[in-house]
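The primary structure of each chain is shown beneath.
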Amino acid sequence: MSLSLRHFILRHEVLNLYRRAVRASRSIPDPVTRRETVSWLRAEFERNRHIQDLDLIEDKLRTGRRELNQILPYSHSPRS
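Colleague: Please give an account of the layout of surface pockets that cites residues and values.
Modeller: There is about 1000 Å³ of room inside the largest pocket. Mapped by element, the contributors of at least two residues to the lining of the largest pocket are α1 (5-25), α2 (31-47) and α3 (54-71). Broken down by class, the residue content of the lining of the largest pocket amounts to 17 nonpolar, 6 polar and 8 charged.

Colleague: Report on the pattern of salt bridges, specifying residues and quantitative values.
Modeller: Using the criterion set out here, one finds 5 salt bridges in the structure. Close ionic contact of Arg-49 with Glu-46 constitutes a salt bridge, the shortest N to O distance being 3.1 Å. Taking the shortest distance from any N to any O, the salt bridge between Arg-62 and Asp-59 comes out at 3.8 Å. With Arg-62 and Asp-59 both in helix α3, this residue pair falls 3 residues apart, about one helical turn. Residue Arg-62 is classed as partly exposed on the basis of its relative accessible area, which comes to 46%.

Rules and cut-offs
Per chain, residues are indexed from 1 in the order of the written sequence. Restriction of local features to residues with pLDDT of at least 70 applies here, the model being predicted, together with a cutoff of 80 or more for giving and counting side-chain atom pairs; totals for whole chains, interfaces and linings are based on all residues. Heavy atoms from the whole structure form the basis of all side-chain values; hydrogens and water molecules are not counted. Grid points spaced at 1 Å over the protein atoms alone were grouped into cavities, where a 1.4 Å probe fits but cannot get out, and pockets, open sets with protein on both sides within 12 Å along at least five of seven lines, with lining residues defined by an atom within 4 Å of a point. Grid points are joined across faces, edges and corners, and a volume is the space filled by probe spheres set on the points. A run of H or I in DSSP becomes a helix once it reaches four residues, and a run of E becomes a strand once it reaches two; helices and strands are each numbered from the N terminus. Just so you know the grouping, Ala, Val, Leu, Ile, Met, Phe, Trp, Tyr, Cys and Pro go in nonpolar, Asp, Glu, Lys and Arg go in charged, and all remaining residues, Gly too, go in polar. Salt bridge, as used here, is a side-chain nitrogen of Lys or Arg placed within 4 Å of a carboxyl oxygen of Asp or Glu. The buried label goes to any residue with under 20% of its type's maximum accessible area, the exposed label to any with over 50%, and the partly exposed label to all in between, with areas taken from a 1.4 Å probe on protein chains only.

Below you can see the structure in the form of structure tokens.
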């Protein structure tokens, strides 16, 4: 199955969100909590890895950005 240009663009946005979340987790002072947070992030992204529905991907991106801004409010980016 070939992916559309929109899939590739959304994939890029998902990867950016993941990177931003991992970078934001660096500010968590406790190393154990930081590792657990990164593990949880990775598991969530892996769990949703095979989603192909564009609307669902966009919805999950919006939710992920909102949750990241609530959990780690100092991680704001211009696209949020």
